[in-house]
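Residue strings, one per chain:
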Amino acid sequence: MSRTLNVIRLQLINKQTFIWVPLIVLGGAVLVSVLIYAMIPGGDPKYGGGGQAPLWVFFAVGMTAMTMTFPFSQAMSITRREFFFGTLITAILGSAFMGVLFLIGGGIEMLTNGYGVNGYVFHLPWLWEAGPFGAFIVYFTLALFFFVVGFTGATIYKSWGPVVISVAGVAVALVLLGIVFLITRLELWEQVWFGILDLGALGLALWGLVVVAVLAGISFLAFRRAKP
């Protein structure tokens, strides 16, 4: 366990990756969003997706956690299992940190009437319908999902090279396209949308955690063949 904790310390040596860069991106997204809201006439509530900006940073963090830190860890005689679980715990902590920031941002928006311009980046009605805890779970899941996708892709690349990761990407795209085709051909879009609405943001986030677990399992299996 102590060696796994050392992996967490190793991942957090460069705090710019897990902390400062996501904070800068988030702050910049909020500032740009508020300036845009201020230029929109009318007093109706204004909603935007600027809060998703740091999530793409977590995608890149997931890739660099594998491609840059893993070779260094092997020079320190850290086992692959210790590195994998230590990195996953680091991702969970970072995602929880982003979830807390999301709640703080939503609270600020409620107290300031949307930064004084009735504009909202965090307090989006659909995400907050299950309350603050539900909103935290949604943002936590999204951040962790992006991290694990980046980490899994980098693991497949380090295990089998660019050809396999390219084939895997094409295969995923074809599967998604096939699902869309079947839904369209069978005229099931109405049922799909009603199903999504019934689940709500929290329900989708909980299913998202299942997807995260599956991706983590895939990356763990591929990790055994990863080359530093």
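Note that the structure is predicted; figures quoted are calculated from it, not measured.

A. Structural view of the side chain of Lys158. As for its placement among the helices and strands, Lys158 is situated in helix H8 (residues 131-160). We note that Lys158 is buried and unpaired, the nearest opposite charge coming from Glu82 at a distance of 18 Å. Once you skip the residues sitting within four places of it in the chain, Lys158 turns out to touch Met66, Thr67, Arg225, Ala226, Lys227 and Pro228.

B. Representation of empty space enclosed by the protein. Scanning the entire structure with this criterion turns up one cavity of 30 Å³ or more. Only helix H5 (80-111), H8 and helix H10 (189-223) provide two or more residues apiece to the lining of the largest cavity. When the residues that make up the lining of the largest cavity are grouped by side-chain class, the tally is six nonpolar, two polar and no charged.

C. Fine view of a nonpolar patch on the surface. On the surface, Trp126, Phe194, Leu197, Leu199, Leu204, Trp207, Val210, Val214 and Ile218 cluster together into a nonpolar patch covering about 870 Å² of accessible area. Sort the elements by how many residues they give to the nonpolar patch and H10 lands first, with eight residues. Within the secondary structure, Val214 sits in helix H10.

D. Summary view of the packing of H8 against helix H9 (residues 162-185). Two numbers describe how H8 lies on H9: the axes approach to 7 Å, and their chain directions differ by 140 degrees. Regarding the angle of H8 to H9, the classification is oblique. Where H8 approaches H9, its residues Gly153, Ile156, Tyr157 and Trp160 are matched on the opposing element by Pro162, Val164 and Ile165. Across the contact of H8 with H9, the residue classes tally to six nonpolar, one polar and no charged.

Definitions and limits used
Residues numbered from 1 in each chain as written. Predicted model: local features only at pLDDT ≥ 70, side-chain atom pairs only at ≥ 80, totals over all residues. Heavy atoms only, no water. Helix = DSSP H or I, 4+ residues; strand = E, 2+ residues; numbered from the N terminus. Buried < 20%, exposed > 50% of the residue type's maximum accessible area, 1.4 Å probe, protein only. Lys, Arg positive; Asp, Glu negative; His and termini not counted. Salt bridge = Lys/Arg side-chain N within 4 Å of Asp/Glu carboxyl O. Contact = heavy atoms within 4.5 Å. 1 Å grid on protein atoms, 1.4 Å probe; cavity = no way out; pocket = protein on both sides within 12 Å on 5 of 7 lines; lining within 4 Å. Points joined across faces, edges and corners; volume = space filled by probe spheres on them. Nonpolar A, V, L, I, M, F, W, Y, C, P; charged D, E, K, R; others polar. Patch = residues over 30% accessible without salt bridge, like charges linked within 9 Å, V, L, I, M, F, W, Y side chains within 5 Å. Areas by Shrake-Rupley, 256 points an atom, 1.4 Å probe, with all protein chains shown as cover. Axes fitted to C-alpha atoms, helices over the stretch in contact; angles between N-to-C directions. Parallel < 35°, antiparallel > 145°, perpendicular 65-115°, else oblique.

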